[in-house]
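Structural characterization, general
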Amino acid sequence: WIRRFERSARHNRRVRPRCRLGLTTLLLVVGCAAPPAELAPTRGYILISLDTLGARHLGSYGAERDTSPFFDRLAGEGVLFENAFVQYPSTLVSHVSMFTGLYPQEHGVYPPSSVLSAEVPSLPERFREAGYRTAGHTEAGYVSADFGFDRGFDEFEAVANGGRAARTFERGLDFLEGLAPDDR
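Residues numbered from 1 in each chain as written. Predicted model: local features only at pLDDT ≥ 70, side-chain atom pairs only at ≥ 80, totals over all residues. Heavy atoms only, no water.

Let's talk about the overall build of the chain
Of the regular secondary structure elements, the chain holds six helices and four strands. Reading the chain from its N end, one meets helices and strands in the order α-β-β-α-α-α-α-β-β-α. Counting every position in the chain, which comprises 184 residues, the buried fraction comes to 35%. The long-range share in the chain, meaning contacts at least 24 apart out of those at least 6 apart in sequence, stands at 56%. Accessible surface computed for the chain: about 11,100 Å², of which carbon and sulfur atoms make up 53%. (Helix = DSSP H or I, 4+ residues; strand = E, 2+ residues; numbered from the N terminus. Buried < 20%, exposed > 50% of the residue type's maximum accessible area, 1.4 Å probe, protein only. Contact = heavy atoms within 4.5 Å. Areas by Shrake-Rupley, 256 points an atom, 1.4 Å probe, with all protein chains shown as cover.)

Some remarks on the side chain of Arg151
Position of Arg151 among the secondary structure elements: in the loop between β3 (132-138) and β4 (155-158). A relative accessible area of 16% means that Arg151 is categorised as buried. Among the polar contacts listed, one links the side chain of Arg151 to the backbone oxygen of Val120, at a separation of 2.3 Å. With near-sequence residues (within four places) excluded, Arg151 lies in contact with Leu116, Ser117, Ala118, Val120, Pro121, Ser122, Pro124 and Glu125. (Polar contact = N/O pair within 3.5 Å; in protein donor to acceptor, adjacent residues only side chain to side chain.)

Describing helix α6 (residues 165-178)
Taking 1.5 Å per residue as the helical rise, α6 with its 14 residues ought to reach 20 Å, and the 20 Å between its terminal C-alpha atoms agrees with that figure. Listing the buried residues of α6 in full gives Thr168, Phe169, Arg171, Gly172 and Phe175. Seen from one end, α6 has its buried residues packed into an arc of 155°, which puts them on one side. Turned more than 90 degrees away from the buried face of α6, the exposed residues are Glu177 and Gly178. (Expected span 1.5 Å × (residues − 1). Arc of directions from axis to C-beta.)

Here's the deal with the nonpolar core
Membership of the largest hydrophobic core is limited to eleven residues, which are Leu92, Val96, Phe99, Val109, Leu116, Val120, Val143, Phe147, Phe149, Phe153 and Phe156. Here this core gets three residues from one element, more than from any other, and that element is helix α3 (residues 91-100). (Core = buried A, V, L, I, M, F, W, Y, C linked by side-chain atoms within 4.5 Å.)

Observations concerning the pattern of salt bridges
For the structure on display, the rule yields four salt bridges. Among the ionic pairs, Arg171 bridges to Glu157, the shortest N-O distance being 3.1 Å. Taken together, the residues span a long stretch of sequence, with Arg171 in helix α6 and Glu157 in strand β4 at a distance of 14 residues. Glu170 serves as the salt-bridge partner of Arg167, at 3.4 Å between the closest nitrogen and oxygen. With Arg167 and Glu170 both in helix α6 and three residues apart, this pair spans about one turn of that helix. By relative accessible area, Arg167 is classed as partly exposed at 28%. (Salt bridge = Lys/Arg side-chain N within 4 Å of Asp/Glu carboxyl O.)

Description of the pairing of β3
β3 sits mainly inside the fold: six of its seven residues count as buried. Strand direction decides the pairing type here: β3 and β4, joined by four bridges, are parallel. Across the sheet, the residue bridging to Gly136 is Phe156, located in β4. (Pairing = 2+ DSSP bridges.)

Quick word on the environment of Arg151
Distance in space between the C-alpha atoms of Arg151 and Ala118 is 8.6 Å, their sequence separation being 33 residues. A polar side-chain atom of Arg151 sits 2.8 Å from a polar atom in the side chain of Glu125.

Quick notes on α3
With nine of ten residues buried, α3 lies mostly within the body of the structure. Residue Gly101 follows α3 closely and has a positive phi angle near 75°.

Quick look at the confidence of the model for the chain
Here the chain shows a mean pLDDT of 77. Residues at 70 or above account for 76%. Highest mean pLDDT in the chain belongs to helix α4 (residues 104-107) (96); lowest belongs to helix α1 (residues 2-11) (37). Under a pLDDT of 50 for its full length, residues 1-24 has, in the predicted model, 44 contacts with residues more than four places off or in other chains. (pLDDT = per-residue confidence, 0-100.)

Rendered as structure tokens:
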């Protein structure tokens, strides 16, 4: 897989992620309790990771069939990354890199049983330190508390939904709806 990706990257500057539809969904919802003055207009942030979902199946990445109207609309209103690269071809390692900003050799978390060191700050911890309310919802697997992903969240759930991503998103929406008006 890596060799095929490197070959395509050499021949095509605009490389789209290529993978299969998968099971793990991570929804990081960040509501704002008391935003810093320079971020006052921003109500919050949402990070959605659909692990092993091929970008070629989403309209926002050029799919011809209307398979993803919600995500297409969300991508039109938010930030859409067209050139994203994994640091390691593994759910666990890639998500730890996303949550820490570190390369795998720096954070040292590898499957099947590594756990993120408490000394390494994570994205949810940084948001919480800045006054944001945080919630993380995932379908478990390699993105669960077993590996340290629950750190920094006010609310964290890792529930095996049998691939039902809709339930994961419902839990995130419940968190947003539960915020007090002054939390936003």
